[in-house]
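The residues making up each chain are set out below.
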Amino acid sequence: QETRELEAIERSRSRALEVLLLVSDLLPDDAHVRAIRMGSEGWEIDGYARDAAALVPLFEEHPQFEDVRFRSATTRAQLGGRTFESFSLALRHVPTP
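Residues numbered from 1 in each chain as written. Predicted model: local features only at pLDDT ≥ 70, side-chain atom pairs only at ≥ 80, totals over all residues. Heavy atoms only, no water.

Chemist: Quick one: what's the story with the overall build of the protein chain, residue by residue and with numbers?
Modeler: Assigned secondary structure in the protein chain consists of 2 helices and 5 strands. Ordered by position in the sequence, the α and β elements of the protein chain form the string α-β-β-α-β-β-β. Across the protein chain, every contact between residues at least 6 apart in sequence was considered, and the portion connecting residues at least 24 apart equals 58%. (Helix = DSSP H or I, 4+ residues; strand = E, 2+ residues; numbered from the N terminus. Contact = heavy atoms within 4.5 Å.)

Chemist: Kindly report on the pattern of salt bridges, identifying the contributing residues and their values.
Modeler: This model, assessed by the stated rule, comprises 7 salt bridges. Salt-bridge contacts for D67 lead to R69; the nearest nitrogen and oxygen are separated by 3.2 Å. Judged by relative accessible area, which is 38%, R69 ranks as partly exposed. Each of R37, E44, D46 and R71 takes part in a single network of salt bridges with overlapping partners. (Salt bridge = Lys/Arg side-chain N within 4 Å of Asp/Glu carboxyl O. Buried < 20%, exposed > 50% of the residue type's maximum accessible area, 1.4 Å probe, protein only.)

Chemist: I'd like a description of the side chain of Q64, backed by residues and values.
Modeler: Here Q64 shows up in the loop between α2 (55-60) and β3 (65-70). When its relative accessible area of 12% is taken as the criterion, Q64 is described as buried. Of the polar contacts made by the side chain of Q64, one reaches the side chain of E18; its length is 3.5 Å. (Polar contact = N/O pair within 3.5 Å; in protein donor to acceptor, adjacent residues only side chain to side chain.)

Chemist: Give me the lowdown on the nonpolar core, citing residues and values where you can.
Modeler: One finds V23, F59, F65, F87 and L91 to be the most contacted residues of the largest nonpolar core, which totals 19 residues. Counting residues per element, the ones that place at least two in this core are α1 (2-26), β2 (42-49), α2, β3 and β5 (82-93). Sort the elements by how many residues they give to this core and α1 lands first, with 5 residues. Dropping the residues within four chain positions of it, F87 is found in contact with H32, I45, D46, G47, Y48, A49, A52, L55 and F70. (Core = buried A, V, L, I, M, F, W, Y, C linked by side-chain atoms within 4.5 Å.)

Chemist: Just give me the short version of a nonpolar patch on the surface, but keep the residues and values in it.
Modeler: A surface patch of nonpolar side chains, amounting to about 320 Å² of accessible area, comprises L17, L20, V33 and I36. When residues of the nonpolar patch are traced back to their parent elements, those giving at least two are α1 and β1 (32-39). Topologically, V33 is positioned in strand β1. Accessibility expressed as a relative area gives 41% for V33, which makes it partly exposed. (Patch = residues over 30% accessible without salt bridge, like charges linked within 9 Å, V, L, I, M, F, W, Y side chains within 5 Å. Areas by Shrake-Rupley, 256 points an atom, 1.4 Å probe, with all protein chains shown as cover.)

Here it is as structure tokens:
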């Protein structure tokens with residue numbers, strides 16, 4: 001039983017690293033992540049981007065993500081003389097077999 005539990009922990013770690021890599025690859029260069037969390041319902045990503053509305057379709061088009069949605073309304077902020085929109089996304093990761 002201990003071996004099975006350790007294997008489950010290892011699989012969970014591998015999935016987390018896979019999700020972090022996918023998120024890093026998918027987010028545009030102008031996006032800034034403030035927080036990323038894995039919860040019982042999936043993943044939550046908070047941050048800023050020049051066009052936050054474009055993020056949902058970006059993640060929805062990827063075969064390893066589903067149920068992508070905003071958790072709250074976006075707001076605009078001036079950062080370094082440029083306008084960014086806050087975002088708070090929720091999504092579920094679908095691991096590859």
